[in-house]
Amino acid sequence: MKYIKVMRKLILSLLSVCGLVSGCKTHKTVVVLEPEEFITAMQGDSMAVLLDVRRPSEYAEGHIKNAVNLDWLDSARFNEGLLSIDKKHTYYIYCRSGRRSNAAAIRMQEAGYRVFDMKGGVLQWKALGMPLVIE
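Quick notes on the rules
Residue indices begin from 1 for each chain and proceed along its sequence in written order. The predicted origin of the model limits local features to residues at a pLDDT of at least 70 and limits the giving and counting of side-chain atom pairs to 80 or more, whereas totals for whole chains, interfaces and linings rest on all residues. Excluded from the side-chain calculations are hydrogens and water; all other atoms, namely the structure's heavy atoms, are used. Secondary structure elements follow DSSP: runs of H or I no shorter than four residues count as helices, runs of E no shorter than two count as strands, and numbering proceeds from the N terminus. The classification of residues rests on relative accessible area computed with a 1.4 Å probe and restricted to protein chains. Under 20% of the type maximum is buried, over 50% is exposed, and intermediate values are partly exposed. In what follows, a contact means two residues having at least one pair of non-hydrogen atoms within 4.5 Å. Method for areas: the Shrake-Rupley scheme with a 1.4 Å probe, in which residue coverage is limited to the protein chains shown. Values of pLDDT, which run from 0 to 100, indicate the predictor's confidence residue by residue. Here a pair means two rings of Phe, Tyr or Trp (six-membered ring of Trp) with centres within 6.5 Å. Their orientation is stacked below 30 degrees between planes, edge-to-face above 60, and tilted elsewhere. Ring-over charges, as used throughout, are those where CZ of Arg or NZ of Lys falls within 6 Å of the ring centre and within 35 degrees of the ring normal.

Draft legend 1. Representation of the overall build of the chain. Each helix and strand in the chain was counted, giving six helices and five strands. When the helices and strands of the chain are read in sequence order from the N terminus, they spell out α-β-α-β-α-β-α-β-α-β-α. Taken over 135 residues, the chain has a buried fraction of 33%. Restricting the contact set of the chain to residue pairs at least 6 apart, pairs at least 24 apart contribute 65%. On the chain, roughly 8,800 Å² of surface is accessible, and the fraction owed to carbon and sulfur atoms is 59%.

Quick look at the structure:
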């Protein structure tokens, strides 16, 4: 009988923990696309905006055509930039290798923006022989 009471308490405790955990806020995983899929999706999206979240100096060295620069590492400027962009658009985000763009995409998605991240960033883009522009 004592064993049953202990098991009942254990099961109730586990159920309580499960309820607490399932009630916690979880963020959806950001969709990460291969460069070819990324550019195809963007070109087929009339609401697409291409965001380069690298430093301005990196952007100046070469970026994907029509990309807008919004520096992730300058958090004040990045957050200010978010306030000025429209949530009606879909944002296609990239950086040098994919780390910054993924962090930026998660932040934007949590703020209510629709986002896609490019796998491998500019490094993979260049490895595939795809063009960058310098303006």
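Draft legend 2. Highlighting the confidence of the model for the chain. Summary statistics for the chain give a mean pLDDT of 87 and a share of 80% for residues scoring 70 or more. Low pLDDT, under 50, characterises residues 14–25; the predicted model gives this stretch zero contacts beyond four residues in sequence or across chains.

Draft legend 3. How the structure looks around the packing of aromatic side chains. Going through the model one piece at a time under the given rule, you end up with four aromatic pairs. Aromatic pair Phe-38 and Tyr-92: ring centres 5.6 Å apart, planes at 80°, arrangement edge-to-face. Of this pair, Phe-38 sits in helix α2 (residues 35–43) while Tyr-92 sits in strand β4 (residues 90–94), placing them 54 residues apart in sequence. Comparing Phe-38 with Tyr-92, the two get one shared label, buried. The rings of Phe-38, Tyr-92 and Phe-116 are connected pair by pair, giving a single aromatic cluster. Taking the ring centre of Tyr-113 as reference, the NZ or CZ of Lys-87 above it sits at 5.3 Å.

Draft legend 4. Layout of unusual backbone geometry. At Asn-66, a position not held by glycine, the phi torsion is positive, near 75°. Inspection of the secondary structure assignment puts Asn-66 in the loop between α3 (56–61) and β3 (68–69).

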